[in-house]
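Spelled out from the first residue to the last, the chains are:
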Amino acid sequence: MIAIFDYGAGNLRSVENALAACGEPFAIVNDSDGLRKADKIILPGVGHYGQMLRSLDVLGVRGTLRERIASGTPFLGICLGFQALFETSEEAPERGLAVFPGRVTRFPADTRVPQMGWNSLQKQGRPRLLDALAEEPYVYFANSYYVPRETAGRRAAALCSYSGTSFCAALEDDNVFAVQFHPEKSGPVGQQILRNFIVC
Amino acid sequence: MLTKRIIPCLDVKAGRVVKGVNFVGLRDAGDPVELSDRYNRDGADELVFLDITASSDRREIMIDVVERTARKIFIPLTVGGGIRGVPDARKILTAGADKVSVNTAAVERPALLTELSNEFGAQATVIALDARRSGPSRWNVFTYGGRRDTGIDAVQWAEEAEARGAGEILLTSMDSDGTQRGFDCNLTRAVSEATKIPIIASGGGGDPRDFVEVLTQGRADAGLAASIFHYGTYTSNGLKRILAAEGIPVRLLED
């Protein structure tokens, strides 16, 4: 079963609703035990990077999340759950899960943030997560921080551009999938992305 | 490229949509869930619910409306009206809304914006600002649904709201609201240039030209309207086709 990880701050209801609409059973978990029993893990996150990483430590799941990811469990990080996969962020001093190297960056000072609304993806290659979608599908973003395209490197499944900054909008690396946008709020395109994760 | 957003707004009173609604083919035009579903299929980029229920004991009805809407519709939903603190906001967000908007409560206690932003993030914290022209290039902030003039300068309040943690401004011109004679582009532009967070322009949108104007000269990031969608004059996608022809980046429905 898919486990949606609840670290206390994220609004999980939208992700629950979107999975339910896909007809996919899921469980809400908030501890290591729940993560160990899961066939697939979704880590949604909204709000503040530091608060999220502190919460993961309070719940004592940092090690288990890293283990499960390293052992090949299909994993989908959403928004902050994407950013948390990297080592550090300009938003807060807390260390990330460090599954991948690099630093999450804030959009330049002259940019209107958060980036709020529908932006188009530029697929890189043929990512499984973006299967059966148009070449440049629109998805919904709400973010002030981003993963630079150079940081994602060859793991980037889709790029996106906001106010002159090209950033990684989706990432795919074997069993690890992550998106900066909100598939649960991206209409039929988002539903397709969730279904792609479900069958991966 | 980030697109400009078109946002239908529903005034909800005791669980029912108020203001005229004139849709063919709806079982019950007053049901916010059914109307939201219609707007979603018609290409809305987001939805806003404003709860104008007077008595607080009916607040639970709104929670139920939000829950039922969020189960069915997978686009962002902002809910405002009567939110006075983190516990109120948490109920709305837990029910499935993505953002809460605050107006009077934030003017009376600006720390509310910081509390919401720290708890749920700036992206979930919308300041709803009702403004009326009080002089050349000056607008006053009104509270209590437009009934009370605070005397506060709207541009200054927008700047303060941003500094305190708001992530978006829902800016309503009370001079234009309900007229369908165009947005107040001067107000919108003044607020947009003074801040660095997205601006949703509201009040007066009746014709595609109004939207073109406020999204270009007014420097708004989104246009919100009620009547033109309620009365079926335009669908969101129909409106956006016209905007696209004018060179404005929008998300069109795939055929």
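Above: the structure in question.
If you're wondering where the values come from, they're calculated on a predicted model, not measured in any experiment.

1. Things to note about the overall build of chain A
Reasoning step 1: Helices and strands together make up the secondary structure of chain A, namely seven helices and 13 strands.
Reasoning step 2: A compact globule built from 200 residues would reach a C-alpha radius of gyration of about 16 Å, and chain A, at 15 Å, matches this within 12%.
Reasoning step 3: For the C-alpha atoms alone, the extent of chain A along its principal axes is close to 45 × 40 × 30 Å.
Reasoning step 4: Each of the 200 residues in chain A was classed as buried or not, and the buried ones make up 52%.
Reasoning step 5: Taking as baseline every contact in chain A between residues at least 6 positions apart, the subset at least 24 positions apart corresponds to 67%.

2. Examining helix 3 (residues 86-94) of chain B
Residue and element names in this part refer to chain B.
Reasoning step 1: Looking only at helix 3, the buried set comprises Ala89, Ile92 and Leu93. Buried residues of helix 3 fall within an arc of 95° about the axis and therefore sit on the same side.
Reasoning step 2: The inward-facing, buried residues of helix 3 abut helix 2 (59-72), strand 4 (77-80), strand 5 (99-102) and helix 5 (111-120).
Reasoning step 3: Of the residues one or two after helix 3, Gly96 is the one with positive phi, at around 125°.

3. Focus on helix 7 (residues 187-198) of chain A
All names here are of chain A.
Reasoning step 1: With twelve residues, helix 7 extends 17 Å from end C-alpha to end C-alpha; this agrees with the ideal 16 Å at 1.5 Å per step.
Reasoning step 2: Of all the positions in helix 7, only Gly187, Val189, Gly190, Ile193, Leu194 and Phe197 are classed as buried. Buried residues of helix 7 fall within an arc of 150° about the axis and therefore sit on the same side.
Reasoning step 3: Residues of helix 7 that are buried in the fold lie against helix 1 (13-21), strand 4 (75-79), strand 9 (138-143) and strand 13 (176-179).

4. Side note on the packing of helix 1 (residues 32-41) of chain B against helix 2 of chain B
A pair of packed helices is captured by two measures, namely the crossing angle of their axes and the spacing between those axes.
Residue and element names in this part refer to chain B.
Reasoning step 1: At their nearest, the axes of helix 1 and helix 2 sit 9 Å apart, and the two run at 30° to each other. Relative to helix 2, the element helix 1 is oriented roughly parallel. Between helix 1 and helix 2 lies a crossing whose hand is right-handed. In contact with Pro32, Val33, Ser36 and Asp37 of helix 1, helix 2 contributes Val65, Arg68, Thr69 and Lys72.
Reasoning step 2: Considered class by class, the residues forming the contact of helix 1 with helix 2 number three nonpolar, two polar and three charged.

5. Notes on the environment of Glu193 of chain B
Residues and elements named next belong to chain B.
Reasoning step 1: As for its placement among the helices and strands, Glu193 is situated in helix 7 (residues 185-194).
Reasoning step 2: Overall, Glu193 belongs to the exposed group, with 11 C-beta atoms counted inside 10 Å.
Reasoning step 3: Separated by 38 residues in the primary sequence, Glu193 and Val155 place their C-alpha atoms 9.3 Å from one another.

Rules used throughout
- Residues numbered from 1 in each chain as written.
- Chains lettered and ligands numbered in written order.
- Predicted model: local features only at pLDDT ≥ 70, side-chain atom pairs only at ≥ 80, totals over all residues.
- Helix = DSSP H or I, 4+ residues; strand = E, 2+ residues; numbered from the N terminus.
- Rg over C-alpha atoms; globule rule 2.2 N^0.38 Å.
- Buried ≥ 20, exposed ≤ 12 C-beta atoms within 10 Å, placed from the backbone.
- Contact = placed C-beta atoms within 7 Å.
- Arc of directions from axis to C-beta.
- Expected span 1.5 Å × (residues − 1).
- Axes fitted to C-alpha atoms, helices over the stretch in contact; angles between N-to-C directions.
- Parallel < 35°, antiparallel > 145°, perpendicular 65-115°, else oblique.
- Left-handed = near helix turned anticlockwise from the far one by under 90°.
- Nonpolar A, V, L, I, M, F, W, Y, C, P; charged D, E, K, R; others polar.

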